[in-house]
Amino acid sequence: MMKHLMLLSLWMLLAAAAPAQDSQPQPFPAQLPSPPPAQPPEPPPAVLEEPENQEPSVQTITAGTSLVLVNVTVQDRLGFPVSGLKAADFTVYDNGRPQEIASFQETIRPLHIIMLIDSSGSTYKKISLIKEGAVEFIRRMHESRPQDKLAVINFNDDVSLMAGFGNTWREKIALVQDRISANGGTALHDALYLSVRDIIGKIPGRKIVLLYTDGIDSKSMKTYSEAYTAALASDATFHVISVDNMAQALEDAEKNAYTLSRRHYYEFIQGEAASRVAEVEPQWTTNMRAQYPPQAVLEMAYRLSYQRLQRLAETTGGKFHKVATYDELPLIYRAIASELPYYYTLGFQPDFSAAKPGEFHAIELRLANPGHTPRYRRGYYYSPAPVQNK
């Protein structure tokens, strides 16, 4: 059960030097302590090394610092992206209070892009199309924005660093093509939580996450609430791609070929609406599996998963792409790649003197041109900075 909960070797992730000769995926090590409520998380044991020759960027993340970063794209009335805007074109509010824009990064500045790829057993028939879409995205980004840095994380039962920022573009493509295979369960929440805590939350500046998954979480020890809260504290924008695999899963359930976790039954008993926004409480009984039909439990689990993924994407300023077939994946990856060159990033410094740990802060952006529409993350959870030892 604990196999899939392993920390990334961070110094291998972001070292600027040439990658090591052995380009095997790097697993997470074995312990995943859960931070206590309303307390700042423990710092990871390893020290993050920034790549050399990196463009100067804002050295900050939201949680625990005073500078909040917001990625934003802007569209005109016809839905086309708008470039060439300046800081004066934006007005930002934190919990309804106007804020001074302390930093502004234009669209040409480098991005850190993290791809999270689900290769659980349910993808075995279409894993070639999943890899094809990911490879096409990597190639497009290399051709159109070579200044950006990209890493690939693969998850099923395990969560593994497939290719770090230090790998070359050719190596990233080769590793995706050769090393990703379909097997095991889906540790979706753990992949989100660990990636945010040990990679995304440690990267300065502009961060974009592309998450692909085709199913529901079946292996994680972390909950959706923990993963979602960590994601909102990371300053990253999440784009989520999900293939509607529910029909196949229901067919497998009828053949007793699909194993539901206890958490799925807890969610079913607690109810869809409550489980969508609140912690799922353990409600195990000895006859639970016999009392509730697996098809009904599974169907609600899929609906709940899609709702949560959409909430994650839209709240962080990204998009949720739910597609009917795997053949649509390359098209979705192309659409996301074409949007990334139009991201602005602005920073502001709220007054946290009266803020409480775990408090949600709503963000609102307005534009000087009423014909322009922004898309951005809608808020974050405040976490105080760890006390530094003198």
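Please read these numbers as outputs of a predicted model, since none were measured by experiment.

Trainee: Explain the environment of Gln 291 to me, please; I cannot follow it from the model alone.
Mentor: Of note, Gln 291 is situated in helix α9 (residues 288–291). Using a relative accessible area of 44% as the deciding quantity, one classes Gln 291 as partly exposed. At 3.5 Å, the side chain of Gln 291 and the side chain of Tyr 292 are in polar contact.

Trainee: It is not clear to me how the side chain of Lys 131 should be interpreted in this structure. Could you clarify?
Mentor: The residue Lys 131 is located in helix α2 (residues 127–144) in this model. This buried residue, Lys 131, is left without a salt bridge; Asp 178 holds the nearest opposite charge, at 6.6 Å. Here the side chain of Lys 131 touches Gln 177 through a polar contact of 2.9 Å, landing on its backbone oxygen. Sequence-distant contacts of Lys 131, that is, excluding residues within four places in its chain, are made with Val 176, Gln 177 and Ile 180.

Trainee: Sorry, what's going on with the pairing of strand β7 (residues 149–155) here?
Mentor: Taken residue by residue, a regular strand's side chains alternate between the two faces of the sheet. Burial analysis of β7 places six of its seven residues in the buried class, the great majority of the element. At this point the chain moves from strand β6 (residues 112–118), through α2, to the parallel β7, and the crossover so formed is right-handed. Here four bridges tie β7 to strand β8 (residues 159–163), and the two strands are oriented antiparallel to one another. Within β8, the residue paired with Phe 155 across the bridge is Val 159.

Trainee: Explanation requested: the nonpolar core in the structure shown.
Mentor: It is characteristic of soluble globular proteins that their nonpolar side chains tend to be buried jointly. Core analysis: the biggest nonpolar cluster contains 48 residues, and Ile 114, Leu 116, Leu 192, Leu 211, Phe 238 and Leu 312 have the highest contact counts within it. Setting aside residues up to four positions removed in sequence, Phe 238 forms contacts with Leu 192, Val 196, Ile 200, Val 209, Ala 231, Leu 312, Ala 313, Thr 316, Gly 318 and Lys 319. In this structure, Val 135, Leu 150, Leu 175 and Val 323 belong to the second largest nonpolar core, which totals 35 residues.

Trainee: What is the right way to look at the pattern of salt bridges in this model?
Mentor: Any two side chains of opposite charge can pair, given that their charged atoms come close. Overall, the coordinates contain 13 salt bridges when judged by the stated rule. In this structure, the salt-bridge partner of Glu 299 is Arg 303, at a minimum N-O distance of 3.8 Å. Of this pair, Glu 299 and Arg 303 are both found in helix α10 (residues 294–315), four residues apart, which corresponds to roughly one turn of the helix. Looking at Glu 299, the relative accessible area reads 33%, which means it is partly exposed. Its relative accessible area of 33% is what places Arg 303 among the partly exposed residues. A salt bridge links Arg 375 to Glu 339, with the shortest nitrogen-to-oxygen separation between them at 2.2 Å. Taken as a pair, Arg 375 in strand β14 (residues 373–376) and Glu 339 in helix α11 (residues 329–339) lie far apart in primary sequence, 36 residues in all. Of the residues examined, Arg 375 reaches a relative accessible area of 18% and is grouped as buried.

Trainee: Just to check I follow, could you spell out the sheet that holds strand β3 (residues 90–94) for this structure?
Mentor: Sheets are built from strands paired through backbone hydrogen bonds, the pairs being either parallel or antiparallel. Pairing in this open sheet of four strands is antiparallel, and the strands run β4-β3-β13-β15 from one edge to the other. In this open sheet, the two strands that pair with only one neighbour each are β4 (97–99) and β15 (379–381). Taking each pair of neighbouring strands and ignoring which way they run, the sheet shows an average axis angle of 30°. Across five bridges, β3 lies against strand β13 (residues 360–367) in antiparallel orientation. Paired with Asp 94 across the bridge in β13 is Ile 363.

Criteria and thresholds
- Here the residue numbering is sequential within each chain, running from 1 through the sequence in written order.
- For a predicted model such as this one, the threshold for reporting local features is a pLDDT of at least 70, and the threshold for listing and counting side-chain atom pairs is 80 or more; totals across whole chains, interfaces and linings nevertheless cover every residue.
- Note: side-chain values were computed over all heavy atoms of the structure, leaving out hydrogens and water.
- Only DSSP runs of H or I covering at least 4 residues are called helices, and only runs of E covering at least 2 are called strands; the numbering of each starts at the N terminus.
- Buried means the residue's accessible area, taken with a 1.4 Å probe over protein chains only, is under 20% of the maximum for its type, while exposed means over 50%, and partly exposed covers the values in between.
- Two N or O atoms count as a polar contact when they lie within 3.5 Å, although within protein this holds only if one can serve as hydrogen donor and the other as acceptor, and sequence-adjacent residues are included solely when both atoms are side-chain atoms.
- In this charge count, Lys and Arg are treated as positive and Asp and Glu as negative; neither His nor the chain ends contribute.
- The salt bridge definition used is simple: a Lys or Arg side-chain nitrogen within 4 Å of an Asp or Glu carboxyl oxygen.
- Contact between two residues is taken to exist if any of their heavy atoms lie within 4.5 Å; hydrogens are not considered.
- Handedness of a crossover is defined as follows: with both strands directed away from the viewer, a clockwise route from the first strand across the helix to the second makes it right-handed.
- Strands are treated as partners if at least two bridges between them are detected by DSSP.
- Grouping buried Ala, Val, Leu, Ile, Met, Phe, Trp, Tyr and Cys residues that are joined through side-chain atoms within 4.5 Å yields what is termed a nonpolar core.
- Orientation is described by lines fitted to C-alpha atoms, with helices fitted over the stretch in contact, and by angles between N-to-C directions that extend from 0 to 180 degrees.

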